[in-house]
Structures are given as C-alpha cells and as structure tokens.
Amino acid sequence: MTSPDAIPTAPRSIGQPRSRALRTAFVLAGGASLGAMQVGMLRALYERGIAPDLLVGTSAGALNAAFVASRPQTLATADKLAQVWRGLRRDDIFPINPRTLIGGLTNQRSHLVPDSGLRRLVARHLQFERLEDAGVPLHLVAFDLLTGTEVCLSDGPAVDAVLAAAAIPGVLPAVRCGNRLLVDGGVVNNTPISHAVELGAERIYVLPTEGPLAPALPVAPRGALDAIVHAFTLLVGARLAADLARYAAAAELIVLPAPNPQRIQPTDFDHASGLIDAALAASRTALAAPVVEPVAA
C-alpha cells in the first residue's frame, strides 16, 4: 500500500484505460477561511484544461463548489471567486449579534452566530435555485445530528443545502431538512473522498485545506482556542491520510498541495490573497511535475 506522503500530486495514466476519458471529480474540503486556497487550486486546474464531471464539497468547500457549479469551468470563474474571497471579512460570515451570542452561551439557543450573513452571501452568488439544476453535478456533504450519519445532498433547495453543509455545530444554526437536522459535514468527513468514489468518480482531484500529514508546530499552542484548532487539524489530517490509503485502489487520487507556512488560522479572513497565490503557485508546480511510479518489489 502506498504511504500517504507518496500519494501522487499530479495526473497519471498508468494502469488506467485510455479508450475514454475518466469520470473526474473535484473534492473540496472544509477549512473556513483556508478555503481561499481552493481558488488557487481551481485556477491551476483550469489553466491545464482540467474540468470536473462532478463536484463534491463540504463546509467552505461546499461554498466554493456551489460557486463554480453556477458558472462555466473557466479561468474567468476562478478569478471571480478570487474577488469574492479577497473581499470577505469575518463579519460577513460570522456577524456578531449580542442577543444570539448571549442566548447561545446561556443554552437558550443552539448556536452563537446567526446565519443571516452567510445566507446573503450564498444567495448573492448562486445562479440556480435547486442543486439538480447546477451546470456541473453538485453534491454537498452534511451531517445529520439526529441520526448521527453523513448525508450527501444532490437535489433540493440550493441555498439551504449550502447552509447545511457549512453550518458549524454550535456556531451557526443547524438546518432543518424534512426529518433531518443538518450541520457541517466537515465534523466527520472534512475531505469527502468517499462520496466521490460512491458517485462513480474514477479520477479525483483533492483540494484540501490541510495536508494528510500533521503540521509541525514551532511552539506549543498558546491558548485554549489554539489548542482546539490544532487538535481538529490533527483529526482532519489523520482522516485524510486514512482515506487516501483506503481509496487508492478505487480511483486515481491527485492531491493538490495546501501551503500554509504562516500557519494562518481558519478563523482569520485577512489573508485570502496570500493563500490564493501560494496555492496557485504550488498547484501549478504539482500539476506540471511528472509522477514516478513506485517500483514493484
């Protein structure tokens, strides 16, 4: 079995049928403000003429996937998405409402922040009303708090589906969908490769916001919030590494790099340009690099 750090980061065709194009998926991970990286990754893919047959996303990745599913798979679309990210501020996503905040802290509400800002953002940029009307088949991954199961949303009201897939538990309100109470799918499957495989993808470009290997910390976390964020990062990386190993035989997996040398936190929305530019440069290099296949023993 190939180790996670040996997973190819550029396209390869060895062992794959050449008689037809492979069914290609883009899988867009969650990561809050780090979702800006995916803009650079998308641009690098479009520059090489690589477009998806389907899009799978959760959390911030659901927002990005819904945006590009609304539009042609072109450089212009990536540039428009970059403009959105560069103009975002934390209050656009997490507007502080004292009444809601106090209600959440005193257990009178299930969340700390209203979803009004996120709803406005999503409604402004979506160009279809229902998921099944997307130009590229769009599948958003949420988690049902009532049944404790992952849910892949492929049809139904688009704005509500995006909000459900991005509803961070305890922070944003869960979204009621029939008998389901849906929250951010990233809490259990932040990089939903498994759903792309189940949907029949044969070549999967993974657009992460963290790599499969745990990042080294120069110093210990300074506070409780930093410690919680780092612990979640470790969990996300471990799940990604496990899924890359698990699904390596089921589909061709191409993992794009997610450079974050400054260790920008997912709650910091002031560095979108730097994240986009770094991911673009790293993805261009990765996609251009030849992949050396391991020699069989």
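Residues numbered from 1 in each chain as written. Predicted model: local features only at pLDDT ≥ 70, side-chain atom pairs only at ≥ 80, totals over all residues. Heavy atoms only, no water.

(A) Quick look at unusual backbone geometry. Phi at A32 takes a positive value of approximately 55°, unusual for a residue other than glycine. Along the chain, A32 falls in the loop between β1 (24-28) and α1 (37-47). Here the phi dihedral of R263 falls at roughly 50°; this positive angle occurs in a residue that is not glycine. Checked against the element boundaries, R263 lands in the loop between β8 (252-255) and α10 (272-288). According to the relative accessible area criterion, R263 is partly exposed, its value standing at 27%. (Helix = DSSP H or I, 4+ residues; strand = E, 2+ residues; numbered from the N terminus. Buried < 20%, exposed > 50% of the residue type's maximum accessible area, 1.4 Å probe, protein only.)

(B) Fine view of the packing of α1 against α10. α10 packs onto α1 with a crossing angle of 35° between their chain directions and a minimal axis gap of 7 Å. In the packing of α1 onto α10, the handedness of the crossing is right-handed. On α10, the residues that touch M37, V39, G40, M41, R43, A44, L45 and E47 of α1 are L275, I276, A279, L280, S283, R284 and L287. (Axes fitted to C-alpha atoms, helices over the stretch in contact; angles between N-to-C directions. Left-handed = near helix turned anticlockwise from the far one by under 90°. Contact = heavy atoms within 4.5 Å.)

(C) Spotlight on the nonpolar core. The biggest cluster of nonpolar side chains holds 62 residues, and the ones touching the most others in it are F26, L55, W85, L138 and L207. For this core, the element with the most residues is α1, which contributes 7 residues. (Core = buried A, V, L, I, M, F, W, Y, C linked by side-chain atoms within 4.5 Å.)

(D) Expanded view of the pattern of salt bridges. For the coordinates displayed, the defined rule picks out 9 salt bridges. Residue E132 pairs with R130 through a salt bridge whose shortest N-O separation is 2.6 Å. The class for R130 is partly exposed, based on a relative accessible area of 37%. The residue E210 makes a salt bridge to R263 at a minimum N-O spacing of 3.4 Å. Of this pair, E210 sits in the loop between β7 (203-207) and α9 (224-246) while R263 is found in the loop between β8 and α10, placing the two residues 53 residues apart along the sequence. Each of the salt bridges in this network shares a partner with another, and the network as a whole consists of R43, E47, D79 and R284. (Salt bridge = Lys/Arg side-chain N within 4 Å of Asp/Glu carboxyl O.)

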